[in-house]
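The residues making up each chain are set out below.
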Number of protein chains: 2
Amino acid sequence: MNLHVVGSVALDSVETPQSRRDNVLGGSAVFFSYAASYFTGVRLVGAVGEDWPTAHTTLLQSRGIDTQGLVVMPGEKTFRWKGKYLPNMNDRETLEVHLNVLERFDPVLPADYRHCQFLFLANGSPTLQMKVLDQVHNAALTVADTMDLWINIQHDELLQLLRRIDGLVLNDSEARLLTDDDNLVRAGHKVRAMGPKFVVIKKGEHGAMFFSQHETYVMPAFPTPDVVDPTGAGDSFAGGMMGYLAERNQFDPKTLKEAMAYGTLVASFTVEDFSLDRLRRIERPDLERRMDEYRRMLSF
Amino acid sequence: MNLHVVGSVALDSVETPQSRRDNVLGGSAVFFSYAASYFTGVRLVGAVGEDWPTAHTTLLQSRGIDTQGLVVMPGEKTFRWKGKYLPNMNDRETLEVHLNVLERFDPVLPADYRHCQFLFLANGSPTLQMKVLDQVHNAALTVADTMDLWINIQHDELLQLLRRIDGLVLNDSEARLLTDDDNLVRAGHKVRAMGPKFVVIKKGEHGAMFFSQHETYVMPAFPTPDVVDPTGAGDSFAGGMMGYLAERNQFDPKTLKEAMAYGTLVASFTVEDFSLDRLRRIERPDLERRMDEYRRMLSF
């Protein structure tokens, strides 16, 4: 089934305690779509500037990602993010953000993108996310991500958005901020009470939690000794999850749980190198092998 | 099979963001033995002062805990700990420590305690832990806990201890400190390389990790919305784990994994009230019911 993602496309500069990379391929829509591409075709909607290396577009296309919705805006520069990870590799500081093209990005979906079954609104302002929703007809499943910035400065708009989507994916500190509750189990259900049918709280190296009316569960991260760069882990998680749902063309509780596991595993590969470098070296059978290990790990 | 624990017996004063309790029953050996008592008989070795309420001893005995090794030392006061939890309920500050009787505690095992099959050395100085080891003959399984203090001030003694025990249980920050490695997967195996056949890293609300030569796995904490007081969670975890191993009288990989799960679940009850208050209201069938939920949560 078709899967759309609207989000950022970026050039990232990343410092870790061991190493660094400058101006590498990044952005929420990029990690999402690459992760989803192991499962299904993906249509990417985003914007870049004239400085965008076309090789990056070619790479995405080589994975079957439809980049018709990736607009190169004349006179603009690509969004850039620069960050530094603390020694624990779970927390990071943002050193620089240059919104560039994102300051003027106003996504207009190509005509044949307006009927979409599975839609992911990657992190962006709730106003912009709702503009996308206004253009989409009859999506079967709409899931969004958000961040602390929007919780703080577009609180009302975020609450409006929450009443219009099926699922929300956010990280633990954001869930605590949004609900003013430090207990993540209560926080998850409080976010759900704001509108979405299900909520996923990402906990970085500690995995992810799922909340729906009848279910509360935790999936631990796959334990890897090789954490090189956590950038994109959350978006890869969402991409793996939504990609699997789109592949299966359903989102009943059982399929959602399998999707959470696939999201977890794609993310566990993402963090094993910078940018998309680790994902570029794996194929679906590598995911399935790790899934076998993961299932064994969780059964007793 | 018989299970022995040597550790602290305390009167705790605990502040949480919501509430507080003063001078309630606590201590590593207390939480451990109460948790283990759902599975097996336990012999507790520890010391208290003249201020010790005998009702506490009666409570432990009511669970079948053998308190013959609990010495009341004349002229002494019981160990007291006072702590305060941060709003996240995972981190805490120690406000006051009065070692009292523990300053002079030099455990001498009763003669019929010297043959023990399963031994847990709760947190204490490695010197003291090794003194206990010297008195025990032919233990089938010896597991110890430790803490940052000993890693810092008795480093060499701790390394000696590690070569003499089968398993070590410690928390995530302690594992990082001991190995100077922030990645917990690597840290777990580095601790194992120091001697013990297996290592358990406790991650508080995020669960626990297990490391042996052939296995690495994570078990998430059971998600409870009712975290009232995390004090004793780690010791209850160890008590549930060792209690189950002693009940089954084996510690092959399969049994160890089940034991990790039971430890996780006993701890999930412990945190739902102050001191032993929540554990006092449950029986083995409550653990089994939560185990069914936990198994369902982890299967997909």
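All values derive from a computational prediction rather than experimental measurement. (Residues numbered from 1 in each chain as written. Chains lettered and ligands numbered in written order. Predicted model: local features only at pLDDT ≥ 70, side-chain atom pairs only at ≥ 80, totals over all residues. Heavy atoms only, no water.)

Q: For this particular structure, what's the right way to read the overall build of chain A?
A: Within chain A, the secondary structure is distributed over 10 helices and 13 strands. Principal-axis analysis of the C-alpha atoms places the extent of chain A at approximately 55 × 40 × 35 Å. Partitioning the contacts of chain A with sequence separation of at least 6, the portion at a separation of at least 24 is 64%. Carbon together with sulfur atoms contributes 48% to the accessible area of chain A, which is approximately 11,600 Å² in total. (Helix = DSSP H or I, 4+ residues; strand = E, 2+ residues; numbered from the N terminus. Contact = heavy atoms within 4.5 Å. Areas by Shrake-Rupley, 256 points an atom, 1.4 Å probe, with all protein chains shown as cover.)

Q: Looking at this structure, I do not really get the sheet that holds strand S3 (residues 20-26) of chain B. What am I missing?
A: Sheet strands pair via backbone hydrogen bonds, and the direction of the pair is either parallel or antiparallel. Residue and element names in this part refer to chain B. Read from one edge of the open sheet, 4 strands run S3-S2-S6-S7, paired in mixed fashion. Each edge of the open sheet carries a strand with a single partner, namely S3 and strand S7 (92-98). For this sheet the average axis-to-axis angle between neighbouring strands, irrespective of direction, equals 20°. Relative to S3, strand S2 (residues 10-15) runs antiparallel, the two sharing 5 bridges. Within S3, the position partnered with Ala10 by the bridge is Gly26. (Pairing = 2+ DSSP bridges. Axes fitted to C-alpha atoms, helices over the stretch in contact; angles between N-to-C directions.)

Q: Would you mind going over the interface of chain B and chain A with me for this structure?
A: Interfaces are often sized by the amount of accessible area the parts lose when they come together. Contacts between chain B and chain A engage 34 residues on the former and 34 residues on the latter. Regarding the contact of chain B and chain A, the summed buried area is about 2,600 Å², with carbon and sulfur atoms giving 60% of it. Contact with chain A buries surface across chain B, with His206(B), Val218(B) and Phe300(B) losing the most and accounting together for 26% of the total. Run the count over chain B and chain A and you get 2 salt bridges. Residue Arg176(B) pairs with Glu205(A) through a salt bridge whose shortest N-O separation is 3.4 Å. Taken together, the connections running from chain B to chain A amount to 16 residue pairs in polar contact (both at pLDDT 80 or more). Mapped onto the side of chain B that touches chain A, the elements with two or more residues apiece are helix H7 (184-193), strand S13 (216-219), helix H9 (253-270) and helix H10 (284-297) of chain B. When residues in the side of chain B that touches chain A are grouped by element, the largest group, 5 residues, is from H10(B). (Buried area = accessible area lost by both parts, 1.4 Å probe. Salt bridge = Lys/Arg side-chain N within 4 Å of Asp/Glu carboxyl O. Polar contact = N/O pair within 3.5 Å; in protein donor to acceptor, adjacent residues only side chain to side chain.)

Q: Explain the relation of the copies chain B and chain A to me, please; I cannot follow it from the model alone.
A: In this arrangement, two copies of a chain are superimposed by a rotation about an axis accompanied by a shift along the axis. Each copy superposes on the other: chain B lies on chain A with an RMSD of 0.0 Å after a rotation of 180° and an axial shift of 0.0 Å. As the rotation angle and translation indicate, the two copies are arranged about a two-fold axis. When you check the interface residues of chain B against chain A, 100% turn up at the interface there too, and the contact is symmetric in its surfaces. (Least-squares fit on C-alpha atoms with pLDDT ≥ 70 in both.)

Q: Sorry, what's going on with helix H1 (residues 28-36) of chain A here?
A: In an α-helix, one turn spans 3.6 residues, which is why side chains three or four residues apart end up on the same side. Buried residues dominate H1(A), accounting for 9 of its 9 residues. Within H1(A), burial applies to Ser28(A), Ala29(A), Val30(A), Phe31(A), Phe32(A), Ser33(A), Tyr34(A), Ala35(A) and Ala36(A). (Buried < 20%, exposed > 50% of the residue type's maximum accessible area, 1.4 Å probe, protein only.)

Q: Any chance you could explain the packing of helix H6 (residues 172-179) of chain B against H7(B) here in plain terms?
A: The relative placement of two packed helices comes down to the angle between their axes together with the axis-to-axis distance. Residue and element names in this part refer to chain B. Here H6 crosses H7 at 65°, and the two axes come no closer than 9 Å. Between H6 and H7, the interaxial angle falls into the category roughly perpendicular. For the pair H6 and H7, the crossing hand works out as left-handed. Packed against H6, whose contacting residues are Asp172, Ala175, Arg176, Leu178 and Thr179, the element H7 presents Leu184, Ala187, Lys190 and Val191 at the interface. (Parallel < 35°, antiparallel > 145°, perpendicular 65-115°, else oblique. Left-handed = near helix turned anticlockwise from the far one by under 90°.)

Q: Any chance you could explain the side chain of Arg290(B) here in plain terms?
A: All names here are of chain B. With respect to the helices and strands, the residue Arg290 is situated in helix H10. Take Arg290: its relative accessible area is 10%, and that puts it in the buried class. Among residues more than four places away in sequence, those in contact with Arg290 are Phe222, Leu265, Ser268, Phe269 and Glu272.

Q: Help me out: how do you make sense of H9(B) in this one?
A: Over its 18 residues, H9(B) runs 26 Å from end to end, which matches the ideal 26 Å to within 8%, given 1.5 Å per residue. Most of H9(B) sits out of view: 16 of its 18 residues are buried. (Expected span 1.5 Å × (residues − 1).)

Q: How do you make sense of the environment of Ser173(A) when you look at a structure like this?
A: Residue and element names in this part refer to chain A. Looking at the element boundaries, Ser173 is found in helix H6 (residues 172-179). Taking the relative accessible area as the measure of exposure, Ser173 reaches 47% and is therefore partly exposed. Taking the C-alpha atoms as reference points, Ser173 and Gly195, 22 residues apart in sequence, are found 19 Å from one another.

Q: How do you make sense of the environment of Pro53(B) when you look at a structure like this?
A: Residues and elements named next belong to chain B. Counting through the fold element by element, Pro53 comes out in the loop between strand S4 (42-48) and helix H2 (54-62). Taking relative accessible area as the criterion, Pro53 reaches 32% and is therefore assigned partly exposed. Each C-alpha atom, one on Pro53 and one on Pro126, is 29 Å from the other, the two residues being 73 residues apart in sequence.

Q: Looking at this structure, I do not really get the side chain of Ser236(B). What am I missing?
A: Residue and element names in this part refer to chain B. Relative to the helices and strands, Ser236 is located in helix H8 (residues 233-248). Within polar-contact distance, the side chain of Ser236 engages the side chain of Thr270 at 2.8 Å. With near-sequence residues (within four places) excluded, Ser236 lies in contact with Phe31, Ala35, Gly263, Val266, Ala267, Thr270 and Leu279.

Q: Help me understand the sheet that holds strand S6 (residues 79-85) of chain A in this model?
A: All names here are of chain A. Taken in spatial order, the 4 strands line up as S3-S2-S6-S7 in an open sheet, and their pairing is mixed. The sheet is open, and its two edges are formed by strand S3 (20-26) and strand S7 (92-98), each paired on a single side. For this sheet, the mean inter-axis angle between neighbouring strands, taken without regard to orientation, is 20°.

Q: What am I meant to see in the packing of aromatic side chains here?
A: Each pair of aromatic rings is reported with the distance of its centres and the angle of its planes. Under the criterion given, the structure shown has 20 aromatic pairs over all chains. Judged by centre distance (6.1 Å) and plane angle (85°), the rings of Phe39(B) and Tyr244(B) are edge-to-face. With Phe39(B) in the loop between helix H1 (28-36) and S4 and Tyr244(B) in helix H8, this pair connects stretches of sequence that are 205 residues apart. An aromatic cluster is defined as three or more aromatic residues linked by ring pairs; in this entry it consists of Phe39(A), Tyr244(A) and Tyr262(A). (Phe/Tyr/Trp six-rings, centres within 6.5 Å; stacked < 30°, edge-to-face > 60°.)

Q: Would you explain the packing of helix H3 (residues 126-135) of chain A against helix H5 (residues 155-162) of chain A in this entry?
A: Residues and elements named next belong to chain A. Put simply, H3 and H5 touch, their axes get as near as 8 Å, and they point 30° apart. With respect to each other, H3 and H5 are oriented roughly parallel. Taken as a pair, H3 and H5 cross one another with a handedness that is left-handed. Contacts between H3 and H5 involve Pro126, Thr127, Gln129, Met130 and Leu133 on the former and, on the latter, Glu157, Leu158, Gln160 and Leu161. For the contact of H3 with H5, the residue count by class is 5 nonpolar, 3 polar and 1 charged. (Nonpolar A, V, L, I, M, F, W, Y, C, P; charged D, E, K, R; others polar.)

Q: I would appreciate a short explanation of the confidence of the model for chain A in the present structure.
A: Keep in mind that low pLDDT regions are not for reading the predicted coordinates in detail. Summary statistics for chain A give a mean pLDDT of 96 and a share of 100% for residues scoring 70 or more. Confidence estimates for the predicted assembly give a pTM of 0.94 and an ipTM of 0.91. (pLDDT = per-residue confidence, 0-100.)

Q: Please clarify how the environment of Asn23(A) should be interpreted in this entry.
A: Residues and elements named next belong to chain A. With respect to the helices and strands, the residue Asn23 is situated in strand S3. Overall, the relative accessible area of 41% leaves Asn23 in the partly exposed class. Here the alpha-carbon distance between Asn23 and Lys82, two residues 59 residues apart in the chain, equals 8.6 Å. Once you skip the residues sitting within four places of it in the chain, Asn23 turns out to touch Leu11, Asp12, Ser13 and Arg80. Reaching out from Asn23, the side chain makes a polar contact with the side chain of Arg80 at a distance of 2.7 Å.

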